[in-house]
Amino acid sequence: MRFFSVLAILWRNLSQRRRLERDLTDEVHSYLQLAADAKVKSGMEEAAARREAAVDLGGAEQVKERVREVRAGHFLAERAQDLRYAWRSLRKAPVYSLTVVLVLALGIGSTVLMFALVDCVVLKGPPFPQANRIFTLWQRIPEEPRVSFSPNEFAAWKERTQVFENLAFVAGTGFTLTGGGEPELVVGRIAPPSLFPVLRTQPALGRAFTEPESNAHVVVLSDALWREKFSARADCLGEAVTLNGEPYTVIGVLPPSFNFEGPDAKLFVPGSLSSPFFAAHPDAHFLRVTGRLKPGVTRAQLDEEVNRLAPQVDDTKGGPTRRYFALSLAELTTGELHTPMLVLLSAVAFLLLIACANVANLTLARISARQNEISIRAALGASRPRLVAQLLTESALLAFIGGIAGAAIAFWGLDLLRKFLVQNLPELARAQIDGRALLFAVAVSTAAGMLFGLGPAFSSSRARWQSALQGATRSTSASNRTRQALVFSEIAIAAVLLIGCALMIRSFISLIHVDPGFRPANVVTAEMVMTKERYAEGPAMLRFYRDSLETVRKLPGAEKVGLVTHLPFGGNNWGNGFDVEDNMGKADADYSAQIRPVSPGYFGAMGIPVREERDFDENNRENSPGVAIVNETLAKRFWPNQSPIGKRIRYDKEWLSIIGVAGNIKEARLDADSDMEIYVPYPQVSAAVLQFVGRDLNYVVSSSSPGAIATELRNALHALDPHGVVKVNTMEALIRESIAQPRFRTWLIGIFAGFALTLACLGIYGVIAYLVTQRYKEIGIRLALGATRANIFQLILGRTFKLATLGVAAGLAGAFFLTRFLSSLLYGVTVHDPLSFLLVPLGLTLVALLAGYFPAHRAAAVDPVKSLRYE
Amino acid sequence: MDKKTDLLQGTLHLLILKALSPRPLHGLGVAQRVAHITQQTFEVKPGSLFPALHRMEEAGWLKSEWGNSENNRRAKYYTLTGAGRKQLQTETTDWERIALGISHALRA
């Protein structure tokens, strides 16, 4: 009962405020009249009675305020009142309010955006249940950091494992999807049925393949392929599709969130080690191993098993250089992104700090401009906590609006980023502004509101109201010091960000100036896959190889023409072990190289210099003696002081004589050193191996009119094989794609640093301009006493200079220690790059002086007569 | 405000309840009646009187309505409710116990 009556009163107090207020005013008024009446009755003069009654009352407003204070819900009513007041006073200062909201929105927006990216990459992990229990197995050799497993090794491991509850392999392969329009090349995966239990994921539609279906012709589609090819029809289950000329039945569609080995995995078909394809290549390292740990198994136990099983399963000669290791799925997919993401998040956190400092400064200035108003409120009975609460309410309101605008910016920015992110950085495609990001936005806004609101509110409430009312002080020197300290930190933080940005830009510039070892300009490539159903055997493949090459060579405008199976920067490579005749029997004879079957003319078309002897020619046929061209890295490694010509190596059964040395090239990344490479004539690759690595043909054509040749190339290849899928590209575009990630993060940090610079300049401008206003009178006196305008100009600019250099110096010191965290992201510059550490401070100081120039100029233009009258 | 009422914060409620127990009164009436029944020991100022009246009304001990005073001025009259009478009884008993205790203590 009591509880409800309290609620009823609370409701009355909050909802009928106006009536209550009128009532209270009437009541106090009536008290006054009654008291005066009583005094008149006791013989007092009417006017005197009224005066005395008023004195007895002790101030109607104060009495009313005390009544309000005891009312239930008083606290809430007060907050509501503060809010209304804050809204009114902010609307009266639109420039201030809009600036603050904008600055905060930028700061909060970029922080939330970065959080969403970090959340998706670092915090959430791969999109599978208990993804931290999923691990992948790899081998490492000096030439290649991540080598896959062979069927033999996988089988041996699966048989012996004690820590994995389930182990699966995945092999990538291309499928030609025919039927219903243009034939299309679709990248898919072959995996055993155990893959789905390992990932603990089931198709959203239909089902996954089961153990009895290990070699069946069934297919599970990705969401993307389902939408693209089956227009997202639910009744596509059970339909037949033709893959590589054979009929397959669609049995399931994966959920959209399914992201295993990137978005290019468009379909999954079952495969077992007993299938002819795997059985034919028991030693080829092309199976990526993924497994789920048994409950309770620790990482240490896993590593222990890796060390124990490695010698047992190793089917290579057991060279001491081969190491086995496990990587969690998260480490595998996003491990490389951790550092850049965290660096960028720190960068935006810095930016947000600058934004807060800036807003705090603006707020301080505004509060000192409102000193009179605040003093009047204090004199009218507002208590100090009440005044602080009022000022904090304004900050909270601004932070709230800034937070909403920031969330909007984050939404919009992520959308923008996604547009050019998805193809290049698929790991980030899943990022979204979800509940977690919004919660983060709320937290950041609250923290920001406190950061820029609390300090000014308390420092202002400390000021003496009376003196402010009398106009004696404008601002205390303490608040001036706060202001300058804020600007100092802004400049310091901006300096750190700018140096980081300069390093990234320098690194990016040296990256794009890396010589790839070939000449990418004006080189057009076309990729075509010889499918199994049309080119079943080696001879058929060779025939098409010769015919197509002949056709392409005859194209008008094609200057140099070559062909390669594994195009550099093409996303495909073939690493294989090899033997060197001279080194046979040595203990560490476990080498691996990139092997590229090529046609004659490949080196010329790519512009790769062949330094010794000669290129392949048409005489290197399938039945002529085997030959090879090696790259410089390989030649130097084995024959540092002599010519490798005539030496023999082998990667398959037959020994090959080295007939030439080609220049080193970058293979897939501009910032990685060249592997050892072996080039072999395409026709000399054995039929068995050709089946396996020779189906992907990349025509390389150098031409002075790349645009025209691209079309011709496509048409010519289509004419030769109407069912073939042709993908045309340029070498320049492929290289550009390979540096998408560094470009992305350089842009991002550049944008953040730009914001930081702008904010820091605004801060300097604000403080110096305020200083000038404050010392208006003093400047007038100086001028009147004979100071020249140049003196005044120097005085003000000197102040700016001091502030800027102090901040820059602190920033330099900070950057000196902080840039080491960038080291893994930098290429071709040191973390203490002298140029960046010289130019950024100079530039920043210059910009700061520019920001101080305008107020200084205004100060020098002060009219002494006017300034002395100024109040 | 005045120290007397501040010191005896609890007694202010008791005095107001007592003052209102015979008949409804307006604010000034309550102040005059308290002065009268305490033989001018307590002078209740508006700054304490009105907050107390409003708080007691919210507590459900009083209810108020507008009426006309003897010399025909509009005034807000406070009436004791049932809960108010009960409260008066409890507080009276409490007070008597305390007073008795204190006077025993002082005499000892």
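Computed from a prediction, not measured in an experiment: that's the story for all the values here.

Caption draft 1: Local environment of the overall build of chain B. Summing up its helical and strand segments, chain B has five helices and three strands in all. When its C-alpha atoms are laid out on the principal axes, chain B stretches across 55 × 30 × 20 Å. Residues classed as buried in chain B amount to 33% of the 108 residues present. The contacts in chain B between residues at least 6 apart in sequence include a share of 49% that link residues at least 24 apart.

Caption draft 2: The interface of chain A and chain B, seen in detail. Each side of the interface is counted separately: chain A has 19 residues, and chain B has 18 residues. Where the side of chain A that touches chain B is concerned, the elements lending two or more residues are α1 (2-15), α2 (17-41) and α4 (60-70) of chain A. Broken down by element, the side of chain A that touches chain B gets its largest block of residues, eight residues, from α2(A). Per-class residue counts for the side of chain A that touches chain B are ten nonpolar, five polar and four charged.

Caption draft 3: Highlighting the pairing of strand β8 (residues 246-253) of chain A. Residues and elements named next belong to chain A. Across two bridges, the pairing between strand β5 (residues 205-206) and β8 is antiparallel. Within β8, the residue paired with Gly 206 across the bridge is Gly 252. Here strand β6 (residues 218-221) pairs with β8 via four bridges, running parallel. By the bridge assignment, Val 219 is partnered in β8 with Val 250. Where strand β7 (residues 240-243) and β8 come together, four bridges link them in antiparallel fashion. By the bridge assignment for β8, Val 241 is matched with Tyr 248. What sits between β7 and β8 in their antiparallel hairpin is a turn of two residues, with Asn 244 showing a positive phi close to 50°.

Caption draft 4: Local environment of the sheet that holds strand β2 (residues 62-68) of chain B. With antiparallel pairing, the three strands of this open sheet are ordered in space as β1-β3-β2 (chain B). Strands with a single pairing partner mark the edges of an open sheet, and in this sheet they are β1 (25-26) and β2 of chain B. Sheet topology note: the β2(B)/strand β3 (residues 74-80) of chain B ladder contains seven bridges and is antiparallel. Residue B:Leu62 lies in a different strand from β3(B), and its bridge partner there is B:Leu80. Packed on one face of the sheet, α2(A) meets β1 and β3 of chain B and runs near 105° to β3(B).

Caption draft 5: Highlighting the nonpolar core. Residues and elements named next belong to chain A. Grouped together as the largest cluster of nonpolar side chains are 105 residues, with contacts concentrated most on Val 112, Leu 497 and Ala 756. The greatest single-element share of this core, amounting to 18 residues, is contributed by helix α17 (residues 477-512). Once you skip the residues sitting within four places of it in the chain, Val 112 turns out to touch Gly 406, Ala 407, Ala 410, Ile 433, Ala 437, Phe 440, Ala 441 and Val 444. Membership of the second largest hydrophobic core comes to 59 residues, among which are Tyr 545, Leu 656, Val 661 and Ala 662.

Caption draft 6: Fine view of the packing of helix α6 (residues 94-123) of chain A against helix α12 (residues 329-369) of chain A. Residues and elements named next belong to chain A. Taken N-terminus to C-terminus, the directions of α6 and α12 make an angle of 165°; their axes are 9 Å apart at the nearest point. On the basis of their axis angle, the class for α6 and α12 is roughly antiparallel. Classified by chirality, the crossing of α12 by α6 is left-handed. The class makeup of the residues in the contact of α6 with α12 is 23 nonpolar, seven polar and one charged.

Caption draft 7: Up close: unusual backbone geometry. Residues and elements named next belong to chain A. The backbone of Arg 200 shows a phi angle near 55°, a positive value even though the residue is not glycine. Here Arg 200 is to be found in the loop between α8 (195-199) and β5. In this structure, Asn 522 is a non-glycine residue whose phi angle is positive, near 60°. If you trace the backbone, Asn 522 turns up in the loop between α17 and β12 (523-529).

Caption draft 8: Region of the structure containing helix α3 (residues 46-57) of chain A. Here α3(A) spans 17 Å end to end across twelve residues, near enough to the 16 Å set by a 1.5 Å rise per residue. Following α3(A) by one or two positions, A:Gly58 has its phi on the positive side, about 75°.

Caption draft 9: Representation of the pairing of β12(A) in the model. All names here are of chain A. By the criterion of burial, β12 is predominantly enclosed, with six of the seven residues buried. Of the pairings in the sheet, the one linking β12 to strand β21 (residues 696-702) comprises seven bridges and is antiparallel in character. Note on β21: the bridge partner recorded for Val 524 is Val 701. Relative to strand β22 (residues 726-730), β12 is paired through five bridges, and the arrangement is antiparallel. Bridge pairing in β22 links Met 528 to Val 726.

Caption draft 10: Seen up close, the confidence of the model for chain A. Residues and elements named next belong to chain A. The predicted model of chain A averages 84 in pLDDT, with 94% of residues at 70 or higher. When mean pLDDT is taken per element in chain A, strand β13 (residues 560-564) scores highest with 94 and helix α16 (residues 465-469) scores lowest with 49. Low pLDDT (under 50) marks residues 471-475, which in the prediction has eight contacts with non-local residues, meaning those over four places away or in another chain.

Caption draft 11: Region of the structure containing the confidence of the model for chain B. Residue and element names in this part refer to chain B. Put simply, chain B has an average pLDDT of 85, and 92% of its residues get 70 or more. Between residues 1-7, whose pLDDT stays under 50, and residues either more than four places distant or in other chains, the model counts eleven contacts. Our summary of model confidence lists the complex with pTM equal to 0.71 and ipTM equal to 0.88.

How each quantity is defined
- Residues numbered from 1 in each chain as written.
- Chains lettered and ligands numbered in written order.
- Predicted model: local features only at pLDDT ≥ 70, side-chain atom pairs only at ≥ 80, totals over all residues.
- Helix = DSSP H or I, 4+ residues; strand = E, 2+ residues; numbered from the N terminus.
- Buried ≥ 20, exposed ≤ 12 C-beta atoms within 10 Å, placed from the backbone.
- Contact = placed C-beta atoms within 7 Å.
- Nonpolar A, V, L, I, M, F, W, Y, C, P; charged D, E, K, R; others polar.
- Pairing = 2+ DSSP bridges.
- Axes fitted to C-alpha atoms, helices over the stretch in contact; angles between N-to-C directions.
- Core = buried A, V, L, I, M, F, W, Y, C linked by C-beta atoms within 7 Å.
- Parallel < 35°, antiparallel > 145°, perpendicular 65-115°, else oblique.
- Left-handed = near helix turned anticlockwise from the far one by under 90°.
- Expected span 1.5 Å × (residues − 1).
- pLDDT = per-residue confidence, 0-100.

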